[in-house]
Amino acid sequence: MKKRAPILIASGILIIGLIGFGAWWQSATKARDAVVMRLPPVPDLTSAPPALVERISIADTAATSRRDPVAGLIELSRLYHANGYLDAASITYEALAELRPEAARWPHLHATIRAGYGQAAAAIALWQRTIELAPDYLPARLRYADLLLKDNQTAAAETAYLAALEIDSNNPYALLGLARIDFEAENWNDARRRLEKVVGQTNYTLGYDLIVTLYERLGLDARAEAIRGQSRASGAYRDPEDPWLDEILPDSYDPFMLALEAGTKARRGNPVAAIQLLEQAIAVAPTDLSAHFQLANLHREQRNIDQARDYYRRCTQLDPEFADGWAQLSDLHAKTSNPSAAIRVLEAGLEACPDSPGLHLMKARRQRAVGEYGPALTSYRKSISLRPNEPDAYLELGIALIDFDRRELGISNIRAALETDPANPTALGILAFNAIELGNQTEANAMLTRIAAQPVFERPRFDQLKTVYAQKFGTEWSQ
Amino acid sequence: MPALRSILSAVCFLLAAMLGGLGGCSKPPPRLAAQPADQSFGPIEALERLQSQELGTPGELPPWIAHVKAIDLDRDGLTDIVFCEAQFNEVRWIRQTSPGKFAPEALLAADMRGPVHAEAADMDSDGDLDLLIASMSVVFPNNDRVGTAFLLENDGQQNFTPHILLENTTRIVDMRPADFDDDGDLDLALAQFGYDQGEVAWLENTGQSPWHFQRHVILDLSGAVNVVVDDFNGDRHPDIVALLSQQWEEVFYFQNSGSGSFTRQRIWGSTNEDYGSSGISVTDLNRDGRPDVVYSNGDGFGPAATPGPRPWHGVQWFENTGNGGFRYHRIGTLPGAYSPIGVDLDQDGAMDVVAAAAYSDWNSKNRHVISLMWFRNDGKMNFEPHVLTRTPKDLITLDYGDFDGTGRPSLITGGFYIYPPFDAMGRVMLWTPRAQP
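Criteria and thresholds
- Residues numbered from 1 in each chain as written.
- Chains lettered and ligands numbered in written order.
- Predicted model: local features only at pLDDT ≥ 70, side-chain atom pairs only at ≥ 80, totals over all residues.
- Heavy atoms only, no water.
- Helix = DSSP H or I, 4+ residues; strand = E, 2+ residues; numbered from the N terminus.
- Buried < 20%, exposed > 50% of the residue type's maximum accessible area, 1.4 Å probe, protein only.
- Contact = heavy atoms within 4.5 Å.
- Areas by Shrake-Rupley, 256 points an atom, 1.4 Å probe, with all protein chains shown as cover.
- Lys, Arg positive; Asp, Glu negative; His and termini not counted.
- Charge placed at Lys NZ, Arg CZ, Asp CG, Glu CD.
- Rg over C-alpha atoms; globule rule 2.2 N^0.38 Å.
- Buried area = accessible area lost by both parts, 1.4 Å probe.
- Salt bridge = Lys/Arg side-chain N within 4 Å of Asp/Glu carboxyl O.
- pLDDT = per-residue confidence, 0-100.
- Expected span 1.5 Å × (residues − 1).
- Pairing = 2+ DSSP bridges.
- 1 Å grid on protein atoms, 1.4 Å probe; cavity = no way out; pocket = protein on both sides within 12 Å on 5 of 7 lines; lining within 4 Å.
- Points joined across faces, edges and corners; volume = space filled by probe spheres on them.
- Nonpolar A, V, L, I, M, F, W, Y, C, P; charged D, E, K, R; others polar.
- Axes fitted to C-alpha atoms, helices over the stretch in contact; angles between N-to-C directions.

1. Description of the overall build of chain B
Thought 1: Secondary structure assignment for chain B yields 1 helix and 31 strands.
Thought 2: A buried classification covers 61% of the 437 residues belonging to chain B.
Thought 3: Taking the contacts inside chain B whose residues are at least 6 apart along the sequence as the reference set, 49% of them involve residues at least 24 apart.
Thought 4: Taken as a whole, chain B presents about 15800 Å² of accessible surface, with 51% of it coming from carbon and sulfur.
Thought 5: Seen as two clouds, the 31 positive and the 59 negative side-chain charges of chain B have centres 12 Å apart.

2. Some details on the overall build of chain A
Thought 1: Looking only at helices and strands, chain A features 26 helices and 0 strands.
Thought 2: The C-alpha atoms of chain A give 32 Å as radius of gyration, which overshoots the globular expectation for 479 residues (23 Å, by more than 25%).
Thought 3: Looking at chain A residue by residue over its 479 residues, the buried ones come to 52%.
Thought 4: Contacts in chain A between residues at least 24 apart in sequence constitute 51% of all its contacts with a sequence separation of at least 6.
Thought 5: By element, 53% of the accessible surface of chain A is carried by carbon and sulfur atoms, the whole surface being about 21400 Å².
Thought 6: Of note, chain A has its 52 positive side-chain charges centred 4 Å away from the centre of its 60 negative side-chain charges.

3. Observations concerning unusual backbone geometry
Residues and elements named next belong to chain B.
Thought 1: The omega torsion of the bond from Thr391 to Pro392 falls at 0°, within 30 degrees of zero and hence cis.
Thought 2: With respect to the secondary-structure elements, Pro392 resides in the loop between strand E28 (383-389) and strand E29 (395-401).
Thought 3: Even without a glycine there, the phi angle at Asp182 is positive, about 60°.
Thought 4: Summarising the element assignment, Asp182 is placed in the loop between strand E13 (172-178) and strand E14 (187-192).
Thought 5: One non-glycine residue, Asn323, lies in positive phi territory at about 55°.
Thought 6: By the element assignment, Asn323 lies in the loop between strand E23 (314-322) and strand E24 (325-333).

4. Observations regarding the interface of chain A and chain B
Thought 1: Taken together, the contact pairs 89 residues of chain A with 77 residues of chain B.
Thought 2: When chain A packs against chain B, the two sides together hide about 6800 Å² of surface, and 55% of this comes from carbon and sulfur.
Thought 3: Of all residues in chain A, Tyr117, Lys150 and Arg228 of chain A bury the most surface against chain B, accounting for 10% of the area lost on that side.
Thought 4: Summed over the shared surface of chain A and chain B, the number is 7 salt bridges.
Thought 5: Here Asp220 of chain B and Arg217 of chain A are joined by a salt bridge, their closest N and O atoms 2.5 Å apart.

5. A few points about the confidence of the model for chain A
Thought 1: Of all residues in chain A, 100% attain a pLDDT of 70 or more, and the chain-wide mean is 93.
Thought 2: Helix H1 (residues 4-36) of chain A is the least confidently modelled element of chain A, averaging 80 in pLDDT, while helix H8 (residues 154-167) of chain A averages 98, the highest of any element.

6. Regarding helix H10 (residues 188-202) of chain A
For an α-helix, the turn length of 3.6 residues means that residues three or four places apart are oriented alike.
Residue and element names in this part refer to chain A.
Thought 1: In a regular helix each residue adds 1.5 Å, so 15 residues correspond to 21 Å; H10 covers 20 Å between its end C-alpha atoms and thus fits that length.
Thought 2: Summarising the contacts, the buried residues of H10 are in contact with helix H9 (172-184) and helix H11 (208-217).
Thought 3: Just downstream of H10 lies Asn203, where phi reads positive at about 50°.

7. Some words on the side chain of Asn389 of chain A
Thought 1: Here Asn389 of chain A shows up in the loop between helix H21 (373-386) and helix H22 (391-403).
Thought 2: For Asn389 of chain A, a relative accessible area of 12% gives the class buried.
Thought 3: When neighbours within four sequence positions are excluded, Asn389 of chain A is seen to be in contact with Thr420 of chain A together with Trp64 and Gln87 of chain B.

8. Details of the pairing of E23 of chain B
Residues and elements named next belong to chain B.
Thought 1: The buried fraction of E23 is high, at 8 of 9 residues.
Thought 2: One ladder, built from 5 bridges, connects strand E22 (residues 292-297) with E23; its direction is antiparallel. If you follow Val293 over to E23, its bridge partner there is Phe318.
Thought 3: Here 8 bridges tie E23 to E24, and the two strands are oriented antiparallel to one another. Looking at E24, one finds that Glu319 is bridged to Arg327.
Thought 4: Taken together, E23 and the strand that follows it, E24, pair antiparallel across an intervening segment of 2 residues, in which Asn323 is found at a positive phi of about 55°.

9. Points about empty space enclosed by the protein
Thought 1: Considering all chains together, one arrives at 3 cavities of 30 Å³ or more under this definition.
Thought 2: Surrounding the largest cavity, 20 residues form its lining, Asp146, Leu176, Arg180 and Tyr237 of chain A together with Trp248 of chain B being those nearest its centre.
Thought 3: Of all elements in the fold, only helix H7 (138-150) and H9 of chain A reach the threshold of two or more residues within the lining of the largest cavity.
Thought 4: Of the residues that constitute the lining of the largest cavity, the class distribution is 8 nonpolar, 4 polar and 8 charged.

10. Topic: the sheet that holds strand E16 (residues 213-219) of chain B
Residues and elements named next belong to chain B.
Thought 1: The strand order across the open sheet built from 4 strands is E13-E14-E15-E16, with neighbouring strands paired in antiparallel fashion. Looking at strand neighbours, the two that pair on one side only are E13 and E16, the edges of this open sheet. Pairs of neighbouring strands in the sheet enclose a mean axial angle of 25°, with direction left out of account.

11. Considerations on the sheet that holds strand E4 (residues 80-85) of chain B
Residue and element names in this part refer to chain B.
Thought 1: As summarised here, the arrangement of the 4 strands in space is E3-E4-E5-E8, forming an open sheet in which the pairing is antiparallel. The two strands at the open ends of the sheet, each matched to only one other strand, are strand E3 (65-71) and strand E8 (106-109). Ignoring strand direction, the axes of neighbouring strands in this sheet form an average angle of 25°.
Thought 2: Relative to strand E5 (residues 90-94), E4 runs antiparallel, the two sharing 5 bridges. Looking at E5, one finds that Cys84 is bridged to Val91.

Structure below.
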């Protein structure tokens, strides 16, 4: 009996261990099968970077293994979504929603994809589920409300926006959505109350578009014109921040998508995040010219001069035919008191890009600045011949010619500038002043009428012109 | 020992039962299969289907062909091409003189202030086709009131006198004729993109004096890309469908009561402000007698330094379900999609969709991007993508017509080049079908 005891104990332990292992094995097999039967086919990765292919392969293997296949599935979902394989990402989110039904993240991320493709009904259902699971996650509430509005479910959209305001009582996106509902219903006073709050909070990056029209509708033309006059093209609107969506960005190997997100972050006033994303873009695509140029511009905006210079220089190395790289590098040298480097870079740029209108324009400016008037005129004309549909070279050539007492020729160039840009304030101002000075009241009237129609023309300058007009013609100008 | 044997037997049995008998060693179930419409594995190459021919007179600078229109301008029975060169402010004409033969390109009108869309209609009922030109003045982002609506009056000999119908207004990108107020003359629907502010409007032909029009705004939103006109609800009054881009990304239907009074209805919208709406056109895609709307999203301009593709770029259609109802259907993916049209390209009786593509791979040097895609309809509204060409790049405008006298549709495209490198360009191109084996 004594002899058998250890055998029996060992056997017991073995049996228990085997039962335990077997139970785990069964459960793991079940979990694996549950994942595998929901796994999307691996998309065509022919043009994907090797690092991404490898990560997808590892994640796919993990998702088909018995050791935490759901973690593999989650990894796959991030990789697919962050790298634009959205069909596959949708399937993984569907699977995760079934396997982890308590998590709000999956229906939310899935909804962003569905809504992104215009599949309103599916996205609405997914956001409803998200809100049930995570009632405080504001981006889901805002997107849900927006989509209801776009789906013509106005009353439901209003309720959804109001629910968002219960979480964040001054949320500008929710207020903007409500204002839009007011706007469509022509409830101008409610729309005004909300829009004024929105533009006040966001410094006109939100609501800029609607409030101008609203003021015009209310007969508040001066206010409308003043806002219009702030910018020749704002386009400042950006979608609300979405932290869950941002969390997948580190898994992106797509330099262009990273650059897009960086641009969005920069416009939202988050240059640090934008720089990080562009650095990530360059890390995954070290020869991506566009990302280098965007990063250089961003560093320049942030006054990181050394970094900006390095990235512009890298642009000229990556693609010597990319004229903007030379132009910006030269300009940066000039603005940082290094004129000899500026000239050297400009000449090198022109050698590499002899047909760049921008570089010829820069050369003209430099020549004019150092008194090389004849060559400057030649460079201006060269720039115009290469890009005849932009006003700057015409304008500067015209002004230079007027300075050299070749007024008639100068004015003809200013007129050419105005043809390419009919509301150009500089051209309008010069032509109006010229007409007044020459006593050409008909033309002066025409120019002042055009100026009056363009809110971007500075009002004090307009008043000065009207004063000169009155002095010249002995009568007040009126439309 | 028998006890030990029993124990060992039990262990073996347990092992066998757990690992084998209960399914633990079975193969995993199959994963999901690819969907038939899934384009993950790429479209079909059909590069030999059409042969291309450059028409007209190439210039020294990269072209800015904003719009091509297939139309028999001189009404001689042969389809011609009218197109807008936005860079030089010109509207030009390539006349088909005999099937497949073309006269040298002719200038129809200069000083057109950034023309981006041309339509033809006999606006003065004198039996010839006049031209309607929508002009932006400045093609790049600009919120100034610099738009102009031109009418080019035809003297019957294809000499055109320009008239300004509307100016000093938000930038106009599309203009379509129809009698909206049922008074017997042609009015105009306008897409005024503007930039931050813009409108959808119609110009009422007042008939009070030649070319006098009264503007009526029917939607105060920026970003109108196209307006298309048809009797969508079958009440014999022309209605309007407008596509709004910018941050809105919405499609609106304006149902006309017949007196120029419109009821507005949003038929679709995306919450993706980067959806990239780029064009709509009207065609009866499912051949049910009701006009449907084909829609592309491929505008890749955004907050990056250069434009580029998005995964959601592509083509879709709104099925007209009658009585002002529309149902959204995705057709397929096409990065940088522009200018979708309905055309039965393979003459099999089912209406296909063709779309151009532009600015979808600025950084790529291998030029593996798609410039022209044919979504072949199998007759059951399943669309199979076929690449018609990868070069030239950056085609933003597309139309079709009979350009070889066979009755088969040929395509015409226009290229618009604003970003270097300036290679693989095409100005006005004709794409005629090759004989199929």
